[in-house]
Amino acid sequence: MVFRTRGAACAIALALVLAALPNVAGAQGSLMFDTKGTSDKPQSKLWVNNDAWWGCLNNNTKLAIYKLNGTTWTHILDVANAVLPFDKGGICDVLWDGTNLFVATYSATTPKLYKYSYDSVTDTYTLLAGFPVNIPMLAGSETLVIDKDSLGRLWCTYKAGTKIYVTYTTSGNHTTWGAALAL
(Lines give C-alpha, C1' and ligand atoms only; values in the text may rest on other atoms or scores of the structure.)
Protein backbone atom coordinates (compact mmCIF):
# COMPACT_ATOMS: atom_id res chain seq x y z
CA MET A 1 0.00 0.00 0.00
CA VAL A 2 2.84 2.38 0.83
CA PHE A 3 4.49 1.64 -2.54
CA ARG A 4 1.31 2.52 -4.41
CA THR A 5 0.94 5.75 -2.45
CA ARG A 6 4.50 6.79 -3.23
CA GLY A 7 3.98 5.87 -6.88
CA ALA A 8 0.82 7.94 -7.02
CA ALA A 9 2.56 10.85 -5.28
CA CYS A 10 5.44 10.67 -7.76
CA ALA A 11 3.04 10.55 -10.69
CA ILE A 12 1.15 13.59 -9.39
CA ALA A 13 4.40 15.49 -8.78
CA LEU A 14 5.64 14.63 -12.28
CA ALA A 15 2.33 15.70 -13.82
CA LEU A 16 2.51 19.05 -12.01
CA VAL A 17 6.09 19.64 -13.17
CA LEU A 18 5.26 18.74 -16.77
CA ALA A 19 2.16 20.93 -16.72
CA ALA A 20 4.27 23.88 -15.53
CA LEU A 21 6.99 23.50 -18.20
CA PRO A 22 5.17 25.28 -21.05
CA ASN A 23 4.54 28.25 -18.74
CA VAL A 24 8.17 28.32 -17.66
CA ALA A 25 9.35 28.15 -21.30
CA GLY A 26 6.86 30.83 -22.32
CA ALA A 27 8.17 33.13 -19.60
CA GLN A 28 11.69 33.00 -21.03
CA GLY A 29 10.92 35.26 -23.99
CA SER A 30 8.75 38.20 -24.81
CA LEU A 31 6.54 39.00 -27.76
CA MET A 32 8.36 41.20 -30.29
CA PHE A 33 5.29 42.03 -32.34
CA ASP A 34 2.52 40.18 -34.14
CA THR A 35 4.22 37.96 -36.73
CA LYS A 36 1.39 36.38 -38.69
CA GLY A 37 2.36 33.49 -40.94
CA THR A 38 5.20 32.18 -38.78
CA SER A 39 3.53 29.87 -36.30
CA ASP A 40 2.79 26.62 -38.09
CA LYS A 41 4.75 26.43 -41.33
CA PRO A 42 8.03 24.54 -41.92
CA GLN A 43 9.90 27.66 -42.92
CA SER A 44 13.16 28.95 -41.47
CA LYS A 45 13.15 32.49 -40.13
CA LEU A 46 16.41 32.53 -38.14
CA TRP A 47 20.10 32.08 -38.87
CA VAL A 48 23.46 32.68 -37.19
CA ASN A 49 26.05 34.88 -38.87
CA ASN A 50 29.12 36.67 -37.51
CA ASP A 51 28.43 35.32 -33.99
CA ALA A 52 24.93 36.83 -33.90
CA TRP A 53 21.36 35.61 -34.32
CA TRP A 54 19.40 37.17 -37.18
CA GLY A 55 15.76 36.82 -38.20
CA CYS A 56 13.53 37.69 -41.14
CA LEU A 57 10.11 38.47 -39.71
CA ASN A 58 6.87 40.04 -40.83
CA ASN A 59 5.77 42.85 -38.53
CA ASN A 60 2.53 43.39 -40.53
CA THR A 61 4.00 46.56 -42.03
CA LYS A 62 7.21 45.22 -43.54
CA LEU A 63 8.99 41.94 -43.96
CA ALA A 64 12.30 42.87 -42.37
CA ILE A 65 15.65 41.59 -41.16
CA TYR A 66 16.33 41.89 -37.43
CA LYS A 67 19.48 41.24 -35.39
CA LEU A 68 19.50 40.04 -31.80
CA ASN A 69 21.58 42.50 -29.75
CA GLY A 70 21.74 41.18 -26.20
CA THR A 71 18.08 40.50 -25.45
CA THR A 72 16.62 42.98 -27.94
CA TRP A 73 15.77 42.36 -31.60
CA THR A 74 16.92 45.41 -33.59
CA HIS A 75 15.41 46.29 -36.97
CA ILE A 76 18.18 46.28 -39.58
CA LEU A 77 16.70 46.23 -43.08
CA ASP A 78 13.32 46.15 -44.81
CA VAL A 79 13.02 43.32 -47.33
CA ALA A 80 9.56 43.97 -48.78
CA ASN A 81 6.18 45.38 -47.96
CA ALA A 82 4.29 43.22 -45.51
CA VAL A 83 3.41 39.85 -46.95
CA LEU A 84 -0.09 39.08 -45.81
CA PRO A 85 -0.57 35.39 -45.10
CA PHE A 86 -2.87 33.83 -47.69
CA ASP A 87 -5.10 30.92 -46.70
CA LYS A 88 -3.05 30.38 -43.51
CA GLY A 89 0.15 30.51 -45.55
CA GLY A 90 3.68 31.19 -44.41
CA ILE A 91 5.39 34.38 -45.46
CA CYS A 92 9.07 33.61 -46.03
CA ASP A 93 11.84 31.06 -45.84
CA VAL A 94 15.48 32.05 -45.35
CA LEU A 95 18.74 30.32 -46.16
CA TRP A 96 22.17 31.59 -45.12
CA ASP A 97 24.89 29.70 -47.00
CA GLY A 98 27.89 31.41 -45.39
CA THR A 99 28.23 33.92 -48.24
CA ASN A 100 24.74 34.94 -49.29
CA LEU A 101 21.39 35.26 -47.60
CA PHE A 102 18.45 33.99 -49.64
CA VAL A 103 14.95 35.13 -48.67
CA ALA A 104 12.06 33.46 -50.47
CA THR A 105 8.88 35.46 -49.91
CA TYR A 106 5.56 33.79 -50.37
CA SER A 107 2.36 35.45 -51.44
CA ALA A 108 -0.76 34.26 -53.19
CA THR A 109 0.23 36.06 -56.38
CA THR A 110 3.98 36.15 -56.94
CA PRO A 111 6.54 34.36 -54.77
CA LYS A 112 9.93 36.06 -55.01
CA LEU A 113 13.55 35.30 -54.21
CA TYR A 114 15.80 37.99 -52.71
CA LYS A 115 19.56 37.45 -52.60
CA TYR A 116 21.75 39.48 -50.24
CA SER A 117 25.49 39.72 -49.72
CA TYR A 118 26.87 40.33 -46.24
CA ASP A 119 29.66 42.74 -45.29
CA SER A 120 31.20 41.67 -41.96
CA VAL A 121 33.04 45.00 -41.55
CA THR A 122 29.86 47.11 -41.69
CA ASP A 123 27.60 44.29 -40.40
CA THR A 124 25.13 44.93 -43.24
CA TYR A 125 23.23 42.99 -45.88
CA THR A 126 22.95 44.39 -49.42
CA LEU A 127 20.44 43.25 -52.06
CA LEU A 128 22.31 42.01 -55.13
CA ALA A 129 21.61 43.44 -58.58
CA GLY A 130 18.89 41.62 -60.51
CA PHE A 131 16.91 40.67 -57.40
CA PRO A 132 14.22 39.99 -56.43
CA VAL A 133 13.23 37.44 -59.07
CA ASN A 134 9.93 35.57 -59.40
CA ILE A 135 9.79 31.93 -58.32
CA PRO A 136 7.52 29.91 -60.65
CA MET A 137 4.85 28.20 -58.57
CA LEU A 138 1.46 26.71 -59.25
CA ALA A 139 -1.52 28.26 -57.47
CA GLY A 140 -2.97 26.70 -54.35
CA SER A 141 0.06 26.43 -52.11
CA GLU A 142 0.22 27.70 -48.52
CA THR A 143 3.99 27.84 -48.23
CA LEU A 144 7.37 27.25 -49.86
CA VAL A 145 10.74 26.06 -48.61
CA ILE A 146 14.16 26.64 -50.18
CA ASP A 147 17.47 24.80 -49.91
CA LYS A 148 20.79 24.66 -51.77
CA ASP A 149 22.48 21.55 -53.16
CA SER A 150 26.19 20.70 -53.51
CA LEU A 151 26.21 22.08 -57.08
CA GLY A 152 25.04 25.50 -55.89
CA ARG A 153 21.48 25.23 -57.23
CA LEU A 154 18.65 26.58 -55.12
CA TRP A 155 15.63 24.32 -54.80
CA CYS A 156 12.10 25.38 -53.94
CA THR A 157 9.59 22.83 -52.66
CA TYR A 158 5.86 23.38 -52.21
CA LYS A 159 2.53 21.59 -52.25
CA ALA A 160 -0.25 22.54 -54.66
CA GLY A 161 -3.45 20.56 -54.76
CA THR A 162 -2.59 16.99 -53.80
CA LYS A 163 0.96 16.96 -55.20
CA ILE A 164 4.40 18.05 -54.03
CA TYR A 165 6.37 20.13 -56.53
CA VAL A 166 10.00 21.19 -56.84
CA THR A 167 11.73 23.71 -59.00
CA TYR A 168 15.37 24.78 -59.05
CA THR A 169 17.58 27.55 -60.32
CA THR A 170 19.11 26.95 -63.72
CA SER A 171 21.62 29.81 -63.62
CA GLY A 172 24.65 30.17 -61.37
CA ASN A 173 23.50 33.57 -60.12
CA HIS A 174 20.06 32.14 -59.12
CA THR A 175 18.02 34.50 -61.30
CA THR A 176 16.52 31.84 -63.59
CA TRP A 177 14.26 29.01 -62.48
CA GLY A 178 13.19 25.83 -64.24
CA ALA A 179 9.61 24.63 -64.62
CA ALA A 180 7.96 22.98 -61.62
CA LEU A 181 8.25 19.20 -61.45
CA ALA A 182 5.66 17.05 -59.68
CA LEU A 183 7.00 14.37 -57.36
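Refer to the structure presented above.
Note that the structure is predicted; figures quoted are calculated from it, not measured.

The rules behind these values
- Residues numbered from 1 in each chain as written.
- Predicted model: local features only at pLDDT ≥ 70, side-chain atom pairs only at ≥ 80, totals over all residues.
- Heavy atoms only, no water.
- Helix = DSSP H or I, 4+ residues; strand = E, 2+ residues; numbered from the N terminus.
- Pairing = 2+ DSSP bridges.
- Buried < 20%, exposed > 50% of the residue type's maximum accessible area, 1.4 Å probe, protein only.
- Contact = heavy atoms within 4.5 Å.
- Salt bridge = Lys/Arg side-chain N within 4 Å of Asp/Glu carboxyl O.

S.K.: Any details on unusual backbone geometry? Residues and values, ideally.
M.R.: That bond from Phe131 to Pro132 is cis: its omega, 10 degrees, falls within 30 degrees of zero. Mapped onto the secondary structure, Pro132 falls in the loop between strand S8 (124-127) and strand S9 (133-134). Here the phi dihedral of Asp123 falls at roughly 60 degrees; this positive angle occurs in a residue that is not glycine. With respect to the element layout, Asp123 can be found in the loop between strand S7 (112-119) and S8.

S.K.: Please set out the sheet that holds strand S13 (residues 181-182) residue by residue, giving values where relevant.
M.R.: Taken in spatial order, the four strands make up an open sheet running S10-S11-S12-S13, and their pairing is antiparallel. The open sheet is flanked by strand S10 (145-148) and S13, the only strands paired with a single partner. Note: S10 against strand S11 (residues 154-160), four bridges, orientation antiparallel. Residue pairing for S11: Ile146 is matched across the bridge by Cys156.

S.K.: An account of the environment of Ala179 is needed here, citing residue identities and associated values.
M.R.: Mapped onto the elements of the fold, Ala179 is located in the loop between strand S12 (163-168) and S13. The class for Ala179 is exposed, based on a relative accessible area of 62%. Along the sequence, Ala179 and Ile135 sit 44 residues apart, while their C-alpha atoms lie 9.6 Å from each other. Residues within four places of Ala179 in sequence aside, it is in contact with Val166 and Thr167.

S.K.: Just give me the short version of the pattern of salt bridges, but keep the residues and values in it.
M.R.: For side chains of opposite charge, pairing can occur when their charged atoms come near one another. A complete count under the given rule lists three salt bridges for this structure. Two residues, Lys67 and Asp123, come together in a salt bridge whose shortest N-O distance is 2.4 Å. Here Lys67, found in strand S3 (residues 62-69), pairs with Asp123, found in the loop between S7 and S8; they are 56 residues apart in sequence, far enough to count as distant. Here Lys148 ties to Asp97 by a salt bridge, and the two come within 2.5 Å at their closest N and O atoms. Residue Lys148 is located in strand S10, and its partner Asp97 is located in the loop between strand S5 (92-96) and strand S6 (100-105); the two are separated by 51 residues in the primary sequence. For Lys148, a relative accessible area of 30% puts it in the partly exposed group.

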